[in-house]
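Structural overview
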Amino acid sequence: MQHEVKQLVGSGQLEFINGGMCMHDEAVTHYIDMIDQTTLGHRFIKNEFGVTPRIGWQIDPFGHSAVQAYLLGSEVGFDSFFYGRIDYQDRAKRKNEKSLEVVWQGSRSLGSSAQIFAGAFPENYEPPPGGFYFEVNDKYPIIQDNIKLFDYNVQDRVNDFVAAAISQANITRTNHIMWTMGTDFKYQYARTWFRQLDKFIHYVNMDGRVNALYSTPSIYTDAKYASNESWPLKTDDFFPYADRAHAYWTGYFSSRPALKRYVKVMSGYYLAARQLEFYIGRSETGHNTDSLADALAIAQHHDAVTGTEKQHVANDYAKRLAIGYTEAEEVVATALACLVDSPSDNGCGRSTTRFQQCPLLNISYCPASEIDFSNGKNLVIVIYNSLGWKREDIIRIPVANGDVTVFNSEGKIIESQLVPPADAFMDLRDYYVRAYLGRNPMVPPKYWLAFPVSVPPLGFSTYTISSVKRGGGHSIRSSIQTFESSDKSTVEVGQGNLKLIFSSDKSKPINYINNKSLVEESVEQSYSFYPAYNGTNDKAPQNAGAYIFRPNGTFFIKSEGQVPLTVMRGPILDEVHQKINEWIYQVTRLYKGKEHVEVEFIVGPIPVDDGLGKEVVTHITTTLETNKTFYTDSNGRDFIKRIRDYRTDWDLEVNEPVAGNYYPINLGIYMQDVKKEFSLLVDRALGGSSIVDGEVELMLHRRLLLDDSRGVAEALNETDCVLDECKGLTIQGKYYFRIDPIGDGAKWRRTFGQEIYSPPLLAFTEEDGDSWRNSHVTTFSGIDSSYCLPDNVAIITLQELDDGKILLRLAHLYQLGEDNDLSKPTNVELKKLFPRKKIGKVTETSLSANQERTEMEKRRLVWKVEGSSSSGEESKLARGRPVDPKELVVELAPMEIRTFVIDFDHKSYRRAFDA
């Protein structure tokens with residue numbers, strides 16, 4: 001069977017298209033995850049069959065992103081890209097203009113150098129109208145070609161076929177059309193399909209009016225290219241998507257927010273784990289990161305991270321991620337144990353150090369840090385930084401008591417602060433530890449311990465916590481003040497450049513003041529919910545559901561009763577606690593040395609006793625005059641301009657003024673006027689918009705009671721159970737915002753965006769006595785001690801492959817024109833990235849690392865665009881030069897990602913570094 005399949009692949013009769021581990025979503029997936037899952041599939045196909053897929057095939061995702069077109073299209077070597085779902089108004093216009101097929105330039109920075117031929121189907125991914133379904137129980141007539149029988153119908157069926165072909169030809173350029181013969185749950189009995197298709201091809205070709213053939217997307221693409229046609233130009237993306245009036249598929253941008261967060265966290269963890277795996281050498285027999293790679297890959301499916309699956313399926317995705325994490329956690333613990341041991345070129349050996357990690361730190365649960373210091377033990381924390389530049393950050397961990405001192409890698413006491421945890425967070429911890437782990441948590445921690453850390457690029461620093469008696473210094477307890485809502489006073493927080501002034505009775509907006517940038521702005525935070533439409537309108541009976549966001553009014557949520565404002569201050573951070581109502585709690589936090597605001601929220605369980613499903617949003621309102629305009633990211637990469645109630649490609653008929661203006665947010669959203677820009681970054685994918693000028697809106701949580709009839713056949717009503725008690729899911733999360741003078745916000749969005757994606761990785765162990773610094777390596781960096789990556793470059797992949805070679809991806813983080821200084825080409829010195837290894841050969845590959853870049857460029861089809869010159873000058877813009885094999889310097893242009901496979905001269909080399 002394997003031999004026959006390989007023969008069919010070799011002859012072109014069987015073709016791999018897309019070639020990823022799944023058909024990933026394009027709204028709520030991060031570009032690194034999209035790249036990783038595609039690479040996994042492409043390299044498997046190359047190793048197993050020796051072929052490279054040529055065609056992108058994203059026929060089921062619910063809208064299509066610019067990043068998909070240029071990164072997961074052109075940059076992986078595809079010649080064309082086909083997709084099914086575009087807005088019903090857009091589709092109607094494109095049919096009239098014969099512009100369903102376009103040349104798509106998804107990146108304004110890379111322009112025509114990363115364009116691709118792209119086509120939408122006339123009616124999603126179905127056979128053409130006219131009854132061409134042939135599953136065993138389908139109702140449509142088969143071809144009866146026995147002339148002796150009364151239902152002989154060859155000519156009728158041929159006429160149906162020809163009519164459908166001509167109808168599609170009338171909305172398509174050139175004389176080639178593609179039919180997708182099948183749909184969901186078809187070919188369960190394939191023989192009936194192929195028997196009928198054989199007959200159609202035979203009799204239609206005898207008729208002679210059209211020519212029919214079994215084809216592949218590659219054959220179709222080549223036929224289109226050979227026609228030498230010029231095609232309409234498409235830029236930006238295909239969001240939001242509606243399949244009819246009142247049915248905007250923008251709810252899934254926020255569906256299952258806990259799963260979305262889990263995927264995001266595991267993605268950043270996987271990036272760090274692969275780096276550590278590289279530094280100690282990949283194990284061929286022990287633990288590795290493959291299981292997490294597989295789980296993350298399948299979690300990118302368009303019915304996985306999207307939240308558009310049944311509950312038991314969502315549980316399965318989470319279970320796979322948990323299994324993968326457990327395996328990768330061992331890799332990380334082993335690698336860090338190896339790296340903290342005394343330096344040796346002989347491999348790790350059997351380290352006695354055992355590190356623990358805290359995957360439930362978001363619910364304040366970390367047994368590894370909640371130890372008893374009275375017995376003379378110290379807590380050692382190794383903090384790994386997977387970023388390519390030095391990291392200055394604030395770490396917060398729960399501790400069992402407050403009589404502690406914090407030491408840095410050099411053994412010096414550093415300033416630290418104790419922050420008492422709010423009851424809301426302890427309730428979250430108590431319930432979800434029991435729900436997740438099936439046991440009661442230990443005694444709640446008395447404090448959060450916060451302290452500043454400094455960690456080298458691609459390396460770690462070590463911090464030690466001990467009892468006050470042994471340290472001589474102590475952590476400072478936060479001062480706590482409570483302001484009753486009856487007070488008419490103001491409350492100021494913030495010790496550095498940034499200050500916030502609150503009104504204790506919440507009657508006035510927050511005053512945001514940055515003394516460094518001289519920005520002052522009025523900011524108001526509020527919550528509301530949209531009751532979910534229940535489909536009672538006979539003219540448009542469309543429910544809200546896992547896919548579809550259809551609000552039925554707006555209800556603003558006001559604080560219940562006389563709720564006080566609690567303010568905690570200290571040398572490291574200030575917090576303002578607000579209980580909005582019984583199921584919404586918020587902490588606004590400012591850190592020493594940081595110039596952004598962190599908002600941590602708890603939302604849930606959303607009450608549904610009134611029979612209404614609800615979609616909870618937060619609003620951040622400013623005085624900016626934004627003229628309906630705002631910007632959202634595309635898969636964490638390019639920012640795209642959005643204008644409320646407007647589409648670039650057609651005249652929008654507005655029938656859902658809220659849902660029709662929602663967009664997916666993976667990295668952030670920002671808005672600006674002539675003086676200022678307001679930027680907001682998120683900790684997971686969610687939906688958002690600017691429904692009112694000067695205001696940003698984020699959907700934080702959804703709980704719905706009805707299905708929206710798009711295939712889930714189940715309401716999006718997530719619950720968690722402890723024994724026999726089940727409650728609606730509670731969501732804990734964070735978002736971050738900052739206000740800058742116009743033109744200055746990009747640096748924070750890009751730099752801090754990387755820090756959100758790649759948080760510090762914490763590993764804990766205990767020690768007796770104070771011998772750690774004498775017997776272990778306390779700081780480490782995998783790159784040259786005098787070097788760090790430029791501010792506009794990130795390492796998004798550093799991975800040892802099965803054959804011992806290294807996969808390296810470098811990404812320029814800025815778009816053309818995004819920042820005056822950082823939106824310029826920049827260089828990375830490979831020799832300084834790998835200072836202790838001799839680089840033998842560097843091969844640049846396609847983005848998915850399944851073919852050499854030079855060979856891919858030679859084969860690339862160059863498509864003509866309507867109205868553009870044929871000189872090809874545009875395509876020469878914005879690309880880094882080839883890497884000189886002696887200098888080994890990589891040049892990166894704005895938004896460029898370059899992928900390399902690196903051979904080192906000494907394969908037996910493991911590691912060596914300076915203590």
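Note that the structure is predicted; figures quoted are calculated from it, not measured.

Digging into the overall build of the protein chain
A count of helices and strands for the protein chain gives 16 helices and 47 strands. Its C-alpha radius of gyration of 29 Å places the protein chain within 12% of the 29 Å reference for a compact globule of 915 residues. Overall, the protein chain is about 100 × 70 × 55 Å in size when its C-alpha atoms are taken along their principal axes. Going through the 915 residues of the protein chain one by one, you find that 60% of them count as buried. Considering only intrachain contacts with a sequence separation of at least 6, the fraction spanning at least 24 residues in the protein chain is 75%. Of the roughly 36,900 Å² of accessible surface on the protein chain, 49% is carried by carbon and sulfur atoms. Distance from the positive charge centre (101 side chains) to the negative charge centre (121 side chains) of the protein chain: 2 Å.

Topic: the packing of helix 2 (residues 31-49) against helix 8 (residues 257-280)
Two elements in contact, helix 2 and helix 8, have axes whose closest approach is 10 Å; the angle formed by their N-to-C orientations is 65°. Classified by chirality, the crossing of helix 8 by helix 2 is left-handed. Residues Ile32, Asp33 and Asp36 of helix 2 form the contact with helix 8, whose participating residues are Val263, Ser267, Tyr270, Leu271 and Arg274. Partitioned by chemical class, the residues of the contact of helix 2 with helix 8 number four nonpolar, one polar and three charged.

Notes on the nonpolar core
Leu680, Leu698, Leu810 and Leu833 are the most contacted members of the largest nonpolar core, which totals 136 residues. Residue contributions to this core peak at 11 residues, all from helix 10 (residues 311-340). Those residues in contact with Leu810 that sit more than four places away from it in its chain are Val793, Ala794, Ile795, Val828, Leu830, Leu833, Val890, Leu892, Glu896, Ile897 and Arg898. Of all hydrophobic cores here, the second largest spans 38 residues; its members include Ala114, Trp389, Tyr757 and Met895.

Details of the pattern of salt bridges
Taken as a whole and assessed by the stated rule, the structure comprises 62 salt bridges. The shortest N-O distance in the salt bridge between Arg94 and Asp649 comes to 3.1 Å. In this pair, Arg94 sits in helix 4 (residues 88-97) while Asp649 sits in the loop between strand 30 (638-643) and strand 31 (663-665), placing the two residues 555 residues apart along the sequence. The exposure class of Arg94 is buried, given its relative accessible area of 8%. You can call Asp649 partly exposed: its relative accessible area is 23%. Of the charged contacts in the structure, one is a salt bridge between Glu656 and Arg550, with a shortest N-O distance of 3.4 Å.

What about the state of the cysteines?
This model, assessed by the stated rule, comprises two disulfides. A disulfide bridge connects Cys721 with Cys726, and the sulfur atoms are separated by 1.9 Å. Taking the sign of the S-S torsion, about 105° here, the bridge from Cys721 to Cys726 comes out right-handed.

Side note on helix 5 (residues 154-169)
In this model, helix 5 (16 residues) spans 22 Å end to end at C-alpha, consistent with the 22 Å of a helix rising 1.5 Å per residue. Restricting attention to buried positions, one finds in helix 5 the residues Val154, Arg157, Val158, Phe161, Val162, Ala164, Ala165 and Gln168. End-on view of helix 5: buried residues confined to an arc of 160°, all on one side of the axis. Check the buried side of helix 5 and you find it contacts strand 5 (122-125) and helix 6 (190-207).

What about the packing of aromatic side chains?
A full pass over the atoms with the stated rule returns 53 aromatic pairs. Measuring from ring centre to ring centre gives 4.5 Å for Tyr187 and Trp193, while their planes differ by 20°; the resulting arrangement is stacked. Accessibility expressed as a relative area gives 0% for Trp193, which makes it buried. Ring centres of Tyr512 and Phe737 lie 6.4 Å apart, and the angle between their planes is 35°; this geometry places the pair in the tilted category. A residue pair is termed long-range when its members are at least 10 positions apart, and Tyr512 in strand 21 (residues 510-514) and Phe737 in strand 38 (residues 731-741) qualify at 225 residues. Taking relative accessible area as the criterion, Tyr512 reaches 0% and is therefore assigned buried.

A look at the packing of helix 8 against helix 9 (residues 290-299)
At a minimum axis distance of 11 Å, the contact between helix 8 and helix 9 shows a crossing angle of 140°. Between helix 8 and helix 9, the angle falls in the class oblique. Crossing hand, helix 8 versus helix 9: left-handed. Contacts between helix 8 and helix 9 involve Val263, Met266, Ser267, Tyr269 and Tyr270 on the former and, on the latter, Leu292, Ala293, Leu296 and Ala299. By residue class, the composition of the contact of helix 8 with helix 9 is eight nonpolar, one polar and no charged.

A few points about the sheet that holds strand 1 (residues 55-58)
Strands sit in the order 1-2-4-3-7 across an open sheet of five strands; the sheet is mixed. In this open sheet, the two edge strands, each paired with only one partner strand, are strand 1 and strand 7 (233-235). Taking the axes of each pair of neighbouring strands and ignoring which way they run, one obtains an average angle of 30° across the sheet.

Let's talk about the layout of surface pockets
If you add up the space inside the second largest pocket, you get close to 1,500 Å³. In terms of lining residues, the second largest pocket is bounded by 40 residues, among which Trp179, Leu213, Tyr214, Ser215 and Thr216 are the most central. At the level of secondary structure, the elements contributing two or more residues to the lining of the second largest pocket comprise helix 5, helix 6 and helix 7 (217-226). Classifying every residue of the lining of the second largest pocket gives 27 nonpolar, 11 polar and two charged.

Some words on helix 9
Within the sequence span of helix 9, burial applies to Leu292, Ala293, Ala295, Leu296, Ala297 and Ala299. For helix 9, the secondary structure elements touched by its buried residues are helix 2, helix 8 and helix 10.

Brief notes about the pairing of strand 11 (residues 391-399)
Here strand 11 lies mainly inside the structure; eight of its nine residues are buried. The sheet contact formed by strand 11 and strand 15 (residues 447-455) spans nine bridges and is antiparallel. Across the sheet, residue Val399 finds its bridge partner in strand 15, namely Tyr447.

So, the sheet that holds strand 11
Hydrogen bonding along the main chain pairs the strands of a sheet, whether they run parallel or antiparallel. Here four strands make up an open sheet; going across it, the order is 11-15-14-17 and the pairing mixed. Edge positions in the sheet fall to strand 11 and strand 17 (476-477), since each of these pairs with one other strand and no more.

Side note on the environment of Asn792
Mapped onto the secondary structure, Asn792 falls in the loop between strand 40 (779-781) and strand 41 (793-800). Setting aside chain neighbours within four positions, we find Asn792 in contact with Ala811, His812, Leu813, Tyr814, Leu822, Lys824 and Thr826. A polar contact of 3.0 Å, which involves the side chain of Asn792, links it to the backbone oxygen of Leu822.

Side note on the confidence of the model for the protein chain
Across the protein chain, the average pLDDT comes to 93, with 96% of residues at 70 or higher. A low-confidence stretch, residues 908-915 stays under pLDDT 50, and its non-local contacts, those more than four residues away or across chains, total 25 contacts.

So, the environment of Asp803
Position of Asp803 relative to the elements: it lies in the loop between strand 41 and strand 42 (806-812). Relative accessible area serves as the criterion here: at 45%, Asp803 is assigned to the partly exposed category. Sequence separation between Asp803 and Asp903 is 100 residues, and the spatial gap between their C-alpha atoms is 9.9 Å. Side-chain polar atoms of Asp803 contact the backbone nitrogen of Lys805, separated by 3.0 Å.

Some thoughts on unusual backbone geometry
In the segment running from Phe239 into Pro240, the intervening peptide bond is cis, with an omega of -10°. Structurally, the position occupied by Pro240 is in the loop between strand 7 and strand 8 (242-244). For the peptide bond that leads from Gly604 to Pro605, omega is -10°, which places it in the cis range. Following the sequence through the fold, Pro605 ends up in the loop between strand 27 (597-603) and strand 28 (614-621). Backbone geometry places Asn18, a non-glycine residue, at a positive phi of 65°. With respect to the helices and strands, the residue Asn18 is situated in the loop between helix 1 (2-11) and helix 2. Look at Asn18 and you get buried, because its relative accessible area is 10%. With a phi close to 55°, Asn635 is a non-glycine residue in the positive phi region. One can find Asn635 in the loop between strand 29 (629-634) and strand 30.

What counts and how
Residues numbered from 1 in each chain as written. Predicted model: local features only at pLDDT ≥ 70, side-chain atom pairs only at ≥ 80, totals over all residues. Heavy atoms only, no water. Helix = DSSP H or I, 4+ residues; strand = E, 2+ residues; numbered from the N terminus. Rg over C-alpha atoms; globule rule 2.2 N^0.38 Å. Buried < 20%, exposed > 50% of the residue type's maximum accessible area, 1.4 Å probe, protein only. Contact = heavy atoms within 4.5 Å. Areas by Shrake-Rupley, 256 points an atom, 1.4 Å probe, with all protein chains shown as cover. Lys, Arg positive; Asp, Glu negative; His and termini not counted. Charge placed at Lys NZ, Arg CZ, Asp CG, Glu CD. Axes fitted to C-alpha atoms, helices over the stretch in contact; angles between N-to-C directions. Left-handed = near helix turned anticlockwise from the far one by under 90°. Nonpolar A, V, L, I, M, F, W, Y, C, P; charged D, E, K, R; others polar. Core = buried A, V, L, I, M, F, W, Y, C linked by side-chain atoms within 4.5 Å. Salt bridge = Lys/Arg side-chain N within 4 Å of Asp/Glu carboxyl O. Disulfide = S-S within 2.5 Å. Expected span 1.5 Å × (residues − 1). Arc of directions from axis to C-beta. Phe/Tyr/Trp six-rings, centres within 6.5 Å; stacked < 30°, edge-to-face > 60°. Parallel < 35°, antiparallel > 145°, perpendicular 65-115°, else oblique. Pairing = 2+ DSSP bridges. 1 Å grid on protein atoms, 1.4 Å probe; cavity = no way out; pocket = protein on both sides within 12 Å on 5 of 7 lines; lining within 4 Å. Points joined across faces, edges and corners; volume = space filled by probe spheres on them. Polar contact = N/O pair within 3.5 Å; in protein donor to acceptor, adjacent residues only side chain to side chain. pLDDT = per-residue confidence, 0-100.

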